[in-house]
Amino acid sequence: MRKFAAHNAMYIGQRYYTYAELYELTGRIYSLIPQDKVYKRIGICCNNDIETYASILAVSLYGAAYVPLNRDFPVLRNRKIAEDCGLELIMCSTENDGLKAIAGDAQYLLTASAQAAEGRIVKRTDQPTSYILFTSGSTGEPKGVPVSHANLRSFFNYFLANYDFDERDRFLQTYELTFDVSVFSFFMPLMVGACCYVLPAEGIKPLKIVECLQKHTITVVSMVPGVLRYLDSYFKEIVLPGLRFSFFSGDALYHELAARWSGCIPNAAIHNFYGPTETTIVCTRYIFDPQGPVTENGIVPLGKPFEGIELIIVNEDLQETEKGELCFSGTQVIPEYLDGANGEKFFVKNEKRYYKTGDLASWNITGDLVFHGRADSQVKVNGYRVELAEVENAVRKASGSECIVMCVQENKLSRLVAYTQKGMDEEALRNRLASLLPEYMIPHKFIPVDAFPLNANGKIDRKALINAYI
Amino acid sequence: MREHMDTSERLQQVFRKVFQKDDLLVSASTTAKDIRMWDSLTHLELIAAVEEEFNIKFSFSEVMQFNAVGDMLVALSRKSGEI
């Protein structure tokens, strides 16, 4: 940070913070961490403010793993995350109603009131884990994914070796801090002396993104493809000559859409990345060419793996095959899940430990990976990974009756639809769900059904349900 | 019937239809924060529904200014030549 002390490090809340100011604030927050014991993991209840970002830096420099908590998520969900991580300390920039309930017996610190601090920042512990994020779980509960420093080092080494980012770059941070690509959008600019512009929390996100890209002449941005689907009809009115890199990840990117987007960004390269949270943010890349070949399904290829990553495509018996489930091994694959329940998702083959992504893929003739959908019931909503089983579990809990949740496409965007038993009070159900699930996991529509059709095995027949009610 | 409804009344009907709430009340100061289901996806539906109701097309720069219902009313008035 010293080298770039006078440079702008961040723009947030309509003001700039230099590297010196950010470091000074980080020191103040660091000094709040009680010295009487060592904390292996520290929760950060996230607000869209400089203190929250400085808290991440303070926890990282302290040597503990940071656990971001989304203040818009239900208290029960955050409480479960805090319990699963055994959090004894939670930081938040401001007091809020849910904070005490989330913290439970854990201590909480308000960082906005941090006073000027004396003394240096020194590492108090040396935890192997950098951060712990929670993804939607097929068992009905969120699942903790601890990402190690070694995983993260490997990830950033790829970008440092393959990109020419420097202090003149302006990155836009468009993600919530509980979404792993935020780690790239926040740390990458700081690693090269660039400035990180944080998207305001208020307003309609895709519109705010374009506003920020224009207003701050952003040079590097990472977005989910859903943003493009949203803006598609306005492309003719959008021109962003200052953009150098337009990155995508989190969902399938369609060739036609990306080609139309390229017309808005005449000087930028479009790179499509892929990777589940378990392989540290992203681990494959495809450099998009608007004039290049279009895949059979129209989805931009996932490309080739990063250095240090090995992958195989397997069938249900874990034998290698041409088209099947994509599995990764190597330096970016997490050591294990927080709860240690790794059985179904990890396996050893040829003395290498592989992670099963649940994504179906094949190689094309140019040696790039091509995406073919999911092998299970996981879906993507606005880039968020959602296990339908988790939503169904919550709806059953909230309604006390059967429910089937599916993902449908409306206006080119993904939405969740829940089939529930007739006679349900939708308003009351929505209110109960708001205490169990984040907003993006609450079904957009509830369709009452007279009776759930069953298949030969006595299970609910999802296809018959769609045919009967759509 | 429709001729007798003013712009804000017609806009309110569009909101009620999009958010599927017959008793929804909106005012010029209503923002996305005030309606639970008003997310970015519904916003897109809302704009399409307003365009259809008033038989107009908003430009991207107009859409970017829609922070509250009042902004939409101003744009509608401008489109209909009232301003």
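About the criteria used
- Residues numbered from 1 in each chain as written.
- Chains lettered and ligands numbered in written order.
- Predicted model: local features only at pLDDT ≥ 70, side-chain atom pairs only at ≥ 80, totals over all residues.
- Helix = DSSP H or I, 4+ residues; strand = E, 2+ residues; numbered from the N terminus.
- Rg over C-alpha atoms; globule rule 2.2 N^0.38 Å.
- Buried ≥ 20, exposed ≤ 12 C-beta atoms within 10 Å, placed from the backbone.
- Pairing = 2+ DSSP bridges.
- Contact = placed C-beta atoms within 7 Å.
- Core = buried A, V, L, I, M, F, W, Y, C linked by C-beta atoms within 7 Å.
- Axes fitted to C-alpha atoms, helices over the stretch in contact; angles between N-to-C directions.
- Domains from an automatic or database assignment.
- Parallel < 35°, antiparallel > 145°, perpendicular 65-115°, else oblique.
- Left-handed = near helix turned anticlockwise from the far one by under 90°.
- Nonpolar A, V, L, I, M, F, W, Y, C, P; charged D, E, K, R; others polar.
- Right-handed = clockwise from strand over helix to strand, strands pointing away.

Peer 1: Quick rundown of the overall build of chain A? Include the residues and the values.
Peer 2: Each helix and strand counted, chain A has 12 helices and 25 strands in total. Its C-alpha atoms give chain A a radius of gyration of 22 Å, within 12% of the compact-globule value 23 Å for 470 residues. On the principal axes, the C-alpha backbone points of chain A span a range of 70 × 55 × 50 Å. Taken over 470 residues, chain A has a buried fraction of 46%.

Peer 1: If you had to explain unusual backbone geometry to someone new, which residues and values would you point to?
Peer 2: All names here are of chain A. Positive phi, normally seen in glycine, also occurs at T280, with a value near 65°. The exposure class of T280 is buried, given the 31 C-beta atoms found within 10 Å. The backbone of N382 shows a phi angle near 55°, a positive value even though the residue is not glycine. We classify N382 as buried; it has 22 C-beta atoms within 10 Å.

Peer 1: Describe the sheet that holds strand β15 (residues 304–305) of chain A, and please don't skip the residues or the numbers.
Peer 2: All names here are of chain A. Judged by pairing direction, the sheet is mixed, and its 9 strands sit side by side in the order β2-β1-β10-β9-β11-β12-β13-β14-β15 without closing on themselves. Each edge of the open sheet carries a strand with a single partner, namely β2 (15–18) and β15. As paired elements, strand β1 (residues 8–12) and β2 share 4 bridges and run antiparallel to each other. Note that in β2 the partner of N8 across the bridge is T18.

Peer 1: Can you explain the interface of chain A and chain B? Please cite residues and give values.
Peer 2: One widely used convention gives an interface's size as the accessible area the parts lose upon coming together. If you look at the interface, chain A gives 13 residues, while chain B gives 12 residues. Every element with two or more residues in the side of chain A that touches chain B is listed here: α7 (205–215) and β24 (413–421) of chain A. Take the side of chain A that touches chain B: its biggest share by element is 4 residues, from α7(A).

Peer 1: Kindly report on the environment of M72(B), identifying the contributing residues and their values.
Peer 2: All names here are of chain B. Tracing the backbone shows M72 in helix α4 (residues 69–79). Between the alpha carbons of M72 and L46 there is a distance of 11 Å; along the sequence they are 26 residues apart. Ignoring anything within four residues of it in the chain, the contact list for M72 reads L11, V50 and F66.

Peer 1: Outline the nonpolar core, supporting the account with residue identities and numerical values.
Peer 2: Residue and element names in this part refer to chain A. Counting residues in each nonpolar core, the largest one holds 132 residues, and the members touching the most others are M10, I44, Y66, V67 and I90. Per element, the largest residue contribution to this core is 8 residues, and it comes from helix α2 (residues 50–62). With residues near it in sequence (within four places) discarded, M10 still touches Y17, L22, I50, Y53, C195, C196 and V198. Grouped together as the second largest cluster of nonpolar side chains are 20 residues, V379, V381, Y384 and V405 included.

Peer 1: Describe the sheet that holds strand β25 (residues 445–449) of chain A, naming the residues involved and giving the relevant values.
Peer 2: Residue and element names in this part refer to chain A. Taking strand neighbours across the sheet as the criterion, the 3 strands line up as β23-β24-β25 in an open arrangement whose pairing is mixed. Edge positions in the open sheet fall to β23 (403–410) and β25, since each of these has one partner strand only. For this sheet, the mean angle separating the axes of adjacent strands, direction not counted, is 30°. Strand direction decides the pairing type here: β23 and β24, joined by 8 bridges, are antiparallel.

Peer 1: Summarise the domain arrangement of chain A; cite the residues concerned and give the values.
Peer 2: For chain A, the domain assignment lists domain 1 (275–374) and domain 2 (378–469). Between the C-alpha centres of domain 1 of chain A and domain 2 of chain A there is a distance of 29 Å.

Peer 1: Give me the pairing of strand β10 (residues 195–198) of chain A: which residues, what numbers.
Peer 2: Within a regular strand, the side chains alternate between the two sheet faces. All names here are of chain A. Across the two faces of β10 the burial is the same, with C195 and Y197 and C196 and V198 all buried. Pairing of β1 with β10 involves 2 bridges; the strand directions are parallel. When the sheet's bridge partners are listed, M10 is paired in β10 with C196. Here strand β9 (residues 170–173) runs beside β10; their pairing, made up of 4 bridges, is parallel. Along β10, the bridge assignment pairs L172 with Y197.

Peer 1: Outline the packing of helix α1 (residues 7–18) of chain B against α4(B), supporting the account with residue identities and numerical values.
Peer 2: Residues and elements named next belong to chain B. For the pair α1 and α4, interaxial distance at closest approach is 11 Å and the crossing angle is 125°. Considering their axes alone, α1 and α4 lie oblique with respect to each other. For the pair α1 and α4, the sense of crossing is right-handed. Across the interface between the two elements, T7, S8 and L11 from α1 touch V69, M72, L73, L76 and S77 from α4. Counted by class, the contact of α1 with α4 contains 5 nonpolar, 3 polar and no charged residues.

Peer 1: How would you explain the environment of I466(A) if you had to name every residue and give the values?
Peer 2: Here I466(A) lies in helix α12 (residues 462–469). With 301 residues separating them along the chain, I466(A) and F165(A) place their C-alpha atoms 48 Å apart.

Peer 1: Any chance you could break down the pairing of strand β13 (residues 269–274) of chain A for me, citing the residues and the numbers?
Peer 2: Residues and elements named next belong to chain A. Burial analysis of β13 places 5 of its 6 residues in the buried class, the great majority of the element. Sheet topology places strand β12 (residues 245–248) next to β13; 4 bridges connect them, and they run parallel. By the bridge assignment, F245 is partnered in β13 with A269. Chirality of the crossover, the property in question, places the unit of β12, helix α9 (residues 255–262) and β13 among those that are right-handed. When β13 meets strand β14 (residues 284–287), the two strands line up antiparallel, connected through 4 bridges. Counted as the bridge partner of N272 is Y286 from β14.

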